[in-house]
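Chain by chain, the residues run as shown.
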Amino acid sequence: MRFPNYIVASSSSGSKNVAMKSAREDEPCKKKPAIDLVSAVEQFHKLSCSDLSQLMRDSENGPIRYAKSNGSLFEIYMESLARNLPVHLISKLLLFKRDEQHLKYLLSGVRLFHGLHDIAYSHSKLRQLLFEDSSSSECVLDLIFFITVFLSNFKQKLNPPSNNEVLYHSTLLASTLYLFKACISSQWHDITRVILVHPKVDVFTGVAFPSVGVVINFLQVKLSAQHTDTYNADEVYSFCLHCEASLQFIHSLCQQKLFRECVVKNKDLRKEGGVLWLVQDVMKLPQCKDSHLMVLVSRLKSKILSIMLQLCEVESISFLDLAASTTEGLDLAKSTISEVLELLNIMFCGGVNGVSAYNPRGILQLNAMRLVEIVSDDSNFRSYIVSNFTEVLTRVFLVPHGEFLSTSGQTSYPFAHQKTSLLVKIVANLTCFVPDLCKEEKDLFLNKFFQCLQKERSNLPDGVAHGGGAKRAAANLSSLLIHAGSLTISRYLNKDDVKLLRLFVMQLEELISRQESNIHQVKEVHNRSIPQRSTPDGCKRNEGSGALRGVDESERDATNIETIGSYLSNMQLKNRRNDVEEVPEEETFRSLQLKKRKRNIMNDVQISMIENALRDDPNMQRRAASVQLWADKLSLHGSEITSSQLKNWLNNRKAKVARAAAKNTPVGVGVGVGLSGGGSVADHVSDSPGSPADEPSSYEPDHTQQKDVLRSCFRLQNGQHVVLFDGKGEEIGKGIIHLAKGIWFETNLQKSGLCVVDVTYLKVDENTHLPHPCDATGNSYAEAQMTFGRKRILWDSSKLLFIHHLHN
């Protein structure tokens with residue numbers, strides 16, 4: 001058992017006592033005269049909060065007298081119990097027991113402590129002790145840290161734990177972590193601040209991930225036995241909920257910028273690979289035959305991927321660079337990424353069973369694709385992604401053209417836009433070549449992709465061969481390129497991503513043409529070398545003409561498959577070729593390959609907000625305090641924006657205005673005019689950090705839509721009565737806004753432009769497909785009713801009409 005040195009101190013008699021160190025000189029927790037804490041824990045943890053509160057009222061500030069199960073009586077002051085319970089539980093931890101009874105007792109004590117905090121608001125003395133006494137608060141924090149350390153080492157036990165041990169362990173971990181919320185605040189930023197100022201913060205961050213990992217390992221064992229007679233579905237379901245509660249706590253902490261920076265900088269955690277091991281263990285959880293349990297497992301995987309994405313967003317230090325700084329760390333990171341790639345392989349190419357089991361329309365697939373997009377843009381892992389993910393991408397582009405068009409053209413679903421944009425970004429990242437960093441990677445992805453096309457052509461279900469599969473992939477990529485252009489308008493993609501995709505398509509078409517030319521030359525040589533013979537009907541034929549006839553028929557089949565249903569795609573492809581700049585290819589993309597591709601840092605809502613602010617404060621970039629203030633405000637309505645990023649954006653915007661004024665060219669009108677001449681160039685300025693805005697955009701903003709988005713962002717409130725409209729402007733029903741802002745089942749409502757609505761009146765059938773299905777609501781109004789007992793669904797904020805009620 002590995003406890004920090006400051007936890008245990010040996011007395012002269014050899015017994016172990018707790019040494020509570022504090023920033024103050026006096027002792028924070030002094031022991032009181034002996035009281036029967038064991039009896040209090042065993043008896044009181046069973047009581048509800050109302051029963052505990054009634055006991056205190058009945059005692060009238062005196063001792064509480066209570067009967068044990070054997071009929072004997074004991075008495076105790078509730079304030080004395082609250083003051084001494086943390087120290088008492090820590091002393092039990094120092095016994096180093098790991099049996100079922102010991103875990104059960106610790107859990108009983110933690111549950112009792114939760115109960116005491118719940119009733120403290122109704123009893124002034126208890127409230128003063130638990131929430132205002134600093135020494136008591138320090139003891140509680142020590143208790144949380146110590147239990148987390150204790151549970152993180154549980155995997156060192158040699159004998160396999162019993163079912164009850166596993167359940168007690170998982171419940172104890174979740175209950176202990178959520179003591180932070182009971183003792184400190186319900187706000188995560190307050191909890192984070194307290195944790196970060198604690199002198200042993202590195203101890204906590206170092207054991208928090210391994211402690212959850214122990215629980216995940218238990219869950220792996222449970223799920224692996226789901227096809228045996230000993231499997232208990234209800235027990236595993238409860239255990240899975242405990243796992244989710246603990247992982248959700250870590251996830252919520254990592255949403256705080258300072259905490260995730262602390263995690264990334266923790267040397268012990270990096271050395272032991274605690275985060276990567278946890279990600280790998282969660283991703284290895286097997287599929288479940290029970291659909292409800294599979295949803296829980298999918299949520300676990302989605303949360304752990306979200307945690308890793310959050311750590312990759314740390315700007316002060318690169319999580320991926322640290323992971324790849326040692327050979328062991330690089331190998332661990334690659335094996336972890338391989339689990340994510342396998343998940344996407346099942347989702348994209350696993351057939352009906354694999355796809356339905358993982359619910360590919362959910363956030364899990366998007367998080368997996370986001371992670372692959374990030375690592376594919378990292379020089380430490382780009383070649384690994386090429387080697388291990390190109391075959392999957394090849395299969396994605398080898399589906400029939402009509403089927404592929406049906407998934408790139410789902411314009412009404414934000415999920416489809418995000419999925420398509422991530423696919424484009426991955427291809428763009430793998431195509432991008434920077435000679436100074438990776439000379440050996442030139443055309444690596446292109447050649448690997450073409451190689452996989454040749455390998456997969458014999459596996460196509462329609463028998464397309466000898467180049468037909470490559471033509472199909474090229475046609476699908478060309479359609480994707482056309483669709484990607486439209487996604488730049490809605491800011492799902494930037495122009496650099498589209499340019500790199502265009503480069504890849506052009507290079508692939510050149511390889512395909514070269515191969516066809518070689519095949520044609522081989523066929524001509526073959527025809528000239530084979531002697532002719534006369535047939536009974538007087539015609540001359542070549543020897544071996546049957547084989548060549550098979551080739552010709554196959555090519556005709558390939559041509560038919562390529563042309564059916566792709567007229568529009570081919571016409572636009574010709575237009576695209578005509579629009580290619582009349583310069584050599586190397587010159588066209590040299591600057592693009594040598595610089596970091598620009599990334600959008602703000603959505604439309606954030607840009608509109610900053611434009612409004614610039615109306616009153618046009619020189620905001622000169623004042624660091626103002627820039628920091630607005631960076632914090634903007635981060636609440638989309639992706640996180642640092643003050644340096646915002647200042648860069650403001651400088652680029654100002655430079656663009658100056659250039660436009662010098663050239664006497666009109667600038668686009670935006671929301672919140674703050675410039676002389678009535679113009680704003682927010683939509684013409686690249687919002688990527690550190691990149692000059694030298695490329696004017698053709699995007700013309702829809703001002704009405706922007707105002708609608710802003711109205712929804714600022715005026716939506718919980719409890720408002722609204723009318724729901726569909727994409728055609730037809731009324732669907734009426735409802736009440738349940739949640740207008742915040743996070744709902746991993747959906748950022750402000751960022752996605754959604755809100756949660758309880759539908760009270762519905763004009764369409766209950767089995768109608770929801771516009772924004774998710775794991776929580778299901779796919780229809782009826783499924784949402786079954787889950788929540790009411791039709792609680794996600795709805796576009798811009799497709800709501802407020803119903804104003806007058807109150808006297």
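Residues numbered from 1 in each chain as written. Predicted model: local features only at pLDDT ≥ 70, side-chain atom pairs only at ≥ 80, totals over all residues. Heavy atoms only, no water.

A tally of regular secondary structure across the chain gives 34 helices and 15 strands. Scored against the burial criterion, the 808 residues of the chain give a buried share of 50%. Relative to all contacts within the chain whose residues are 6 or more apart in sequence, the contacts with residues 24 or more apart total 72%. Surface exposure of the chain reaches about 38900 Å², of which carbon and sulfur atoms provide 50%. (Helix = DSSP H or I, 4+ residues; strand = E, 2+ residues; numbered from the N terminus. Buried < 20%, exposed > 50% of the residue type's maximum accessible area, 1.4 Å probe, protein only. Contact = heavy atoms within 4.5 Å. Areas by Shrake-Rupley, 256 points an atom, 1.4 Å probe, with all protein chains shown as cover.)

What follows deals with the side chain of Ser421. Residue position: Ser421 is located in helix H22 (residues 414-431). Among residues more than four places away in sequence, those in contact with Ser421 are Leu487, Tyr492 and Leu493.

Turning our eyes to something else, we now look at the pattern of salt bridges. Scanning the model with the defined rule gives 15 salt bridges in all. Here Lys222 ties to Glu235 by a salt bridge, and the two come within 3.5 Å at their closest N and O atoms. Pair noted here: Lys222 is in helix H10 (residues 201-224) and Glu235 is in helix H11 (residues 233-254), with a separation of 13 residues, a long-range link. The same class applies to Lys222 and to Glu235, which are both buried. Taking the shortest distance from any N to any O, the salt bridge between Lys763 and Glu731 comes out at 3.7 Å. You can see Lys763 sitting in the loop between strand E11 (754-762) and strand E12 (769-774) and its partner Glu731 sitting in strand E8 (residues 731-739), a full 32 residues away along the chain. The partly exposed category is assigned to Lys763, whose relative accessible area is 48%. What you see here is one network of salt bridges that share partners, running through Glu244, Arg299 and Lys303. (Salt bridge = Lys/Arg side-chain N within 4 Å of Asp/Glu carboxyl O.)

Once that is clear, we can look at the packing of helix H4 (residues 100-119) against helix H6 (residues 134-152). Two elements in contact, H4 and H6, have axes whose closest approach is 13 Å; the angle formed by their N-to-C orientations is 150 degrees. Taken as axis vectors, H4 and H6 run roughly antiparallel relative to one another. In this structure, H4 meets H6 at a crossing whose hand is left-handed. Along the contact surface, H4 presents His102, Leu103, Leu106, Val110 and Phe113, while H6 presents Val140, Ile147, Phe150 and Leu151. (Axes fitted to C-alpha atoms, helices over the stretch in contact; angles between N-to-C directions. Parallel < 35°, antiparallel > 145°, perpendicular 65-115°, else oblique. Left-handed = near helix turned anticlockwise from the far one by under 90°.)

Before going further, it helps to examine the environment of Ser479. Along the polypeptide, Ser479 turns up in helix H24 (residues 468-489). Under the relative-accessibility criterion, Ser479 is labelled buried at 6%. A sequence separation of 78 residues divides Ser479 from His401, and the C-alpha atoms of the two residues are 9.0 Å apart.

As a further point, take the packing of aromatic side chains. Taken as a whole, this structure holds 15 aromatic pairs when the rule is applied. Between Phe180 and Phe249, the ring centres sit 5.8 Å apart and the planes meet at 20 degrees, which makes this aromatic pair stacked. A residue pair is termed long-range when its members are at least 10 positions apart, and Phe180 in helix H8 (residues 179-183) and Phe249 in helix H11 qualify at 69 residues. Among the residues examined, Phe180 registers a relative accessible area of 0% and is labelled buried. Given the relative accessible area of 0%, Phe249 is considered buried. Taken together, the ring pairs in this structure connect Phe145, Tyr178, Phe180, Trp188, Phe204 and Phe249 into an aromatic cluster. When the ring centre of Tyr105 is taken as origin, the NZ or CZ atom of Lys92, which lies over that ring, is 5.6 Å away. (Phe/Tyr/Trp six-rings, centres within 6.5 Å; stacked < 30°, edge-to-face > 60°. Lys NZ or Arg CZ within 6 Å of the ring centre and 35° of its normal.)

Extensive coverage of strand E14 (residues 791-796) is indicated by the burial of six of its six residues. Here E14 shows no split at all, with Lys791, Ile793 and Trp795 on one side and Arg792, Leu794 and Asp796 on the other all buried. Here E11 pairs with E14 via six bridges, running antiparallel. Bridge pairing in E14 places Val759 opposite Lys791. (Pairing = 2+ DSSP bridges.)

Looking at the chain, pLDDT values average 75 and 73% of them are 70 or higher. No element of the chain has a lower mean pLDDT than strand E2 (residues 16-18), at 30, and none a higher one than helix H19 (residues 363-376), at 93. Taken together, the stretch residues 665-714 has pLDDT below 50 and engages in 112 contacts with residues farther than four places along the chain or on a different chain. For residues 804-808, every residue scores under 50 in pLDDT, and the model assigns this stretch one contact once sequence neighbours within four places are set aside. (pLDDT = per-residue confidence, 0-100.)

Before going further, it helps to examine the pairing of strand E3 (residues 64-67). What you see with E3 is a clean split: Ile64 and Tyr66 sit on the buried side and Arg65 and Ala67 on the side with no burial. Across four bridges, the pairing between E3 and strand E4 (residues 73-76) is antiparallel. Each residue of the ladder has a partner; that of Ala67, found in E4, is Leu73.

Of note, Asp443 is a non-glycine position whose phi angle comes to about 60 degrees, a positive value. Judged by relative accessible area, which is 31%, Asp443 ranks as partly exposed.

The next point concerns the nonpolar core. Core analysis: the biggest nonpolar cluster contains 159 residues, and Phe44, Leu116 and Phe204 have the highest contact counts within it. Dropping the residues within four chain positions of it, Leu116 is found in contact with Met78, Leu81, Ala82, Leu85, Leu126 and Leu130. Counting 17 residues, the second largest nonpolar core, distinct from the first, contains Leu716, Leu724, Cys755 and Ile793. (Core = buried A, V, L, I, M, F, W, Y, C linked by side-chain atoms within 4.5 Å.)

Side chains of residues three or four places apart in an α-helix project in the same direction, reflecting 3.6 residues per turn. Compared with an ideal rise of 1.5 Å per residue, which puts 14 residues at 20 Å, H19 spans 20 Å between its outermost C-alpha atoms and is within 8% of the ideal. Of all the 14 residues making up H19, eleven are buried; the element is thus mostly covered by neighbouring parts of the structure. Along H19, the residues that are buried comprise Leu364, Gln365, Leu366, Asn367, Ala368, Met369, Leu371, Val372, Glu373, Val375 and Ser376. (Expected span 1.5 Å × (residues − 1).)

For the pair helix H3 (residues 78-93) and H4, the least separation of the axes is 10 Å and the interaxial angle reads 150 degrees. By the angle between their axes, H3 is roughly antiparallel relative to H4. Crossing of H3 over H4 shows left-handed handedness. In this structure, H3 uses Met78, Leu81, Ala82, Leu85, Pro86, His88, Leu89, Lys92 and Leu93 to contact H4, whose residues at the interface are His102, Tyr105, Leu106, Gly109, Val110, Leu112, Phe113 and Leu116. Grouping the amino acids of the contact of H3 with H4 by side-chain chemistry returns 13 nonpolar, three polar and one charged. (Nonpolar A, V, L, I, M, F, W, Y, C, P; charged D, E, K, R; others polar.)

With that out of the way, let us pick up the side chain of Ser108. For Ser108, the position within the fold is in helix H4. With residues up to four places along the chain from it excluded, the contact list for Ser108 reads Val41 and His45.

Secondary-structure assignment places Leu247 in helix H11. Spatially, the C-alpha atom of Leu247 lies 6.7 Å from that of Val212, the residues being 35 residues apart in sequence. Aside from chain neighbours lying at most four places away, what touches Leu247 is Val212, Leu278, Leu300, Lys303, Ile304 and Ile307.

We now examine the environment of Cys288. Inspection of the secondary structure assignment puts Cys288 in the loop between helix H14 (274-283) and helix H15 (291-312). A relative accessible area of 11% places Cys288 in the buried class. Residues Cys288 and Ser298, spaced ten residues apart in sequence, show a C-alpha to C-alpha distance of 10.0 Å. Look past the residues within four positions of Cys288 in its chain and what remains in contact with it is Leu223, Gln226, Leu293, Met294 and Val297.

Buried residues of helix H34 (residues 781-788): Tyr781, Ala782 and Ala784, and no others. In an axial view of H34, the angular spread of the buried residues amounts to 160 degrees, which keeps them on one side of the axis. Contacts made by the buried residues of H34 are with E8, E11, E12, strand E13 (778-780) and E14. Just downstream of H34 lies Gly789, where phi reads positive at about 80 degrees. (Arc of directions from axis to C-beta.)

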